[in-house]
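Observations on the three-dimensional arrangement
One letter stands for each residue in the lines below.
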There are 2 protein chains.
Amino acid sequence: MPRAGLTPALVIAGAADLADEVGFDRLTLAALAARFGVAVPSLYKHVDGLEAVRRGVAIAALGELGAALAAGQAAAAEAPPAERLRVLAHAYRAFATARPGRYAATVRAAQPDDAEHAAAAGSALHVVLAVLGELGLTGDAAVDAARGLRALLHGFASLEAAGGFGMPRDVDESLDRIVDAYGRALTLSTERAHPGSDVAPPAPG
Amino acid sequence: MPRAGLTPALVIAGAADLADEVGFDRLTLAALAARFGVAVPSLYKHVDGLEAVRRGVAIAALGELGAALAAGQAAAAEAPPAERLRVLAHAYRAFATARPGRYAATVRAAQPDDAEHAAAAGSALHVVLAVLGELGLTGDAAVDAARGLRALLHGFASLEAAGGFGMPRDVDESLDRIVDAYGRALTLSTERAHPGSDVAPPAPG
DNA sequence: CATTGTGGCTAATGACAATAGCCTTGTCAA
DNA sequence: TTGACAAGGCTATTGTCATTAGCCACAATG
């Protein structure tokens, strides 16, 4: 029996690819083992069962998502905040459509006591918060804005992934308009009545 | 063997309740049969397998969601559009948190050829489009707005359900602010450059 | 009272996750 | 060089679940 040369990282990476191919919910140890040409129980030498594989994919995917968002921001470093917001939104959507299995994994909530998973989510969120900061948002307003933006992006991406946009309208353009509108609303909000009590910790959210 | 008196509708209703209790993804024929005090294969006399149960729950839940949204709008019939938008958002969130299993079912996309499922989704969407119409949105702008609003509401609800809001900030107030901001952005958009080419059919989206 | 269809059932099959325990291979130290 | 040992494969087994096949009882209908 020649060694297959598996490692935990390899198994997780293979699982992520498999999830992109067949869907995160159809990720199965049987299929994963087959992909490596190995018997199912062999996987248990590297990974602690299906749930651990899913968690591993989630953490890895959150890292990749954060990196993709950061790369987009770096490429638009000189652009004005509104444009950077648009770039962020498109990078998010691009990740979700190009890597649907990984993206689905990023949406699963971390267990309350799972610090590593929470940290991965937080690092992806960091990029979003940075862009919002450029729009001059602090305190409660920043929290609201982060919630809303993540909701908007996630909702858009997941509805699109689920085929929920059955309307004859270009999706890219829709996203532009929606994000522009949202950004405009945010900056208007700051000029109004919500002075922002104090800076909230950028917990995963 | 006394008859259990099952019907397809009863089975679906029980499945919806079970989904609310244990989560839509943990909906299982075994648990469903146990809930009715019946052997698993008996369910097949009423329902065409697990996937059909899921679909049935989705269709039923979409109907209930649409009814809940409509009821909220009826109760706020005299309120100004911005307030009605806020009411809509809160009704949506209330449904999602009170009936998480059913709500999760509503998010699953219909199969492309599943007219009944698509119709159920469309009827729920109808309420949303009506409120947007009150804001004076037509054509492409209305399509964009519907996409964005559904994305916003779904994203908010699903992230909250997943425990994604780890920040110390009242969630109800966040939702108010976000929806207000979005509504403001929408009405601003209409006053600007997008005159809306033609009315798009209210397909499920 | 005979018939028939409906709605239960048991039994069997097959996918999958998970655990237990074996056996080989490669490494590292005596 | 060799011997021990850990790592990383494996087979076998168990248990959960969905699904299908086919039986049987009951109740309604004539």
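These notes cover the structure that comes with them. (Residues numbered from 1 in each chain as written. Chains lettered and ligands numbered in written order. Predicted model: local features only at pLDDT ≥ 70, side-chain atom pairs only at ≥ 80, totals over all residues. Heavy atoms only, no water.)

What follows deals with the packing of aromatic side chains. All names here are of chain A. Scanning the model with the defined rule gives 2 aromatic pairs over all chains in all. With a centroid separation of 5.6 Å and an interplanar angle of 80 degrees, the aromatic rings of tyrosine 92 and tyrosine 103 are classed as edge-to-face. Of this pair, tyrosine 92 sits in helix α5 (residues 81-98) while tyrosine 103 is found in helix α6 (residues 100-107), placing the two residues 11 residues apart along the sequence. Assigned by exposure class, tyrosine 92 and tyrosine 103 land together as buried. (Phe/Tyr/Trp six-rings, centres within 6.5 Å; stacked < 30°, edge-to-face > 60°. Helix = DSSP H or I, 4+ residues; strand = E, 2+ residues; numbered from the N terminus. Buried < 20%, exposed > 50% of the residue type's maximum accessible area, 1.4 Å probe, protein only.)

Near DNA strand C you find 19 residues, and of these Thr28 and Tyr44 of chain A together with Ala39, Ser42 and His46 of chain B are the closest. Near the protein, meaning within 4 Å, the atoms of DNA strand C are sugar or phosphate in a fraction of 62%, with bases accounting for the rest. The contact in question runs from a phosphate oxygen of DNA strand C to an N or O atom on the backbone of leucine 29 of chain A, over 2.9 Å. Between DNA strand C and tyrosine 44 of chain A there is a distance of 2.8 Å, counted from a phosphate oxygen to a side-chain nitrogen or oxygen. Here the surface near DNA strand C is composed, by residue class, of 11 nonpolar, 5 polar and 3 charged. (Near = heavy atom within 4 Å. Polar contact = N/O pair within 3.5 Å; in protein donor to acceptor, adjacent residues only side chain to side chain. Nonpolar A, V, L, I, M, F, W, Y, C, P; charged D, E, K, R; others polar.)

Turning to the nonpolar core, a few remarks are in order. Ranked by internal contacts, the top residues of the largest apolar core, which has 67 residues, are Leu132 of chain A together with Leu132 of chain B. Those residues in contact with leucine 132 of chain A, other than ones at most four positions away along the chain, are Leu137, Ala142, Ala145, Ala146, Leu149 and Leu186 of chain A. (Core = buried A, V, L, I, M, F, W, Y, C linked by side-chain atoms within 4.5 Å. Contact = heavy atoms within 4.5 Å.)

All names here are of chain B. Their axes nearest at 9 Å, the elements helix α4 (residues 81-98) and helix α6 (residues 115-134) cross at an angle of 160 degrees. Taken together, the axis directions place α4 and α6 in an arrangement best described as roughly antiparallel. The element α4 and its partner α6 pack so that their crossing is left-handed. In this structure, α4 contributes Pro81, Arg84, Leu85 and Leu88 to the contact, and α6 contributes Val127, Val128, Val131 and Glu134. Residue composition of the contact of α4 with α6, by class: 6 nonpolar, no polar and 2 charged. (Axes fitted to C-alpha atoms, helices over the stretch in contact; angles between N-to-C directions. Parallel < 35°, antiparallel > 145°, perpendicular 65-115°, else oblique. Left-handed = near helix turned anticlockwise from the far one by under 90°.)

Attention now moves to the protein's contact with DNA strand D. The local shell around DNA strand D holds 19 residues, among which Ser42 and His46 of chain A together with Thr28, Leu29 and Tyr44 of chain B are the closest. The sugar-phosphate portion of DNA strand D accounts for 56% of its atoms within 4 Å of the protein, the bases making up the rest. Residue alanine 39 of chain A places a main-chain N or O atom 2.8 Å away from a phosphate oxygen belonging to DNA strand D. One nitrogen or oxygen atom from the main chain of leucine 50 of chain B is found 2.8 Å from a phosphate oxygen belonging to DNA strand D. Taken together, the elements giving at least two residues each to the surface near DNA strand D come down to α3 (40-43) of chain A together with α2 (29-36) of chain B. A class-by-class count of the residues in the surface near DNA strand D yields 11 nonpolar, 5 polar and 3 charged.

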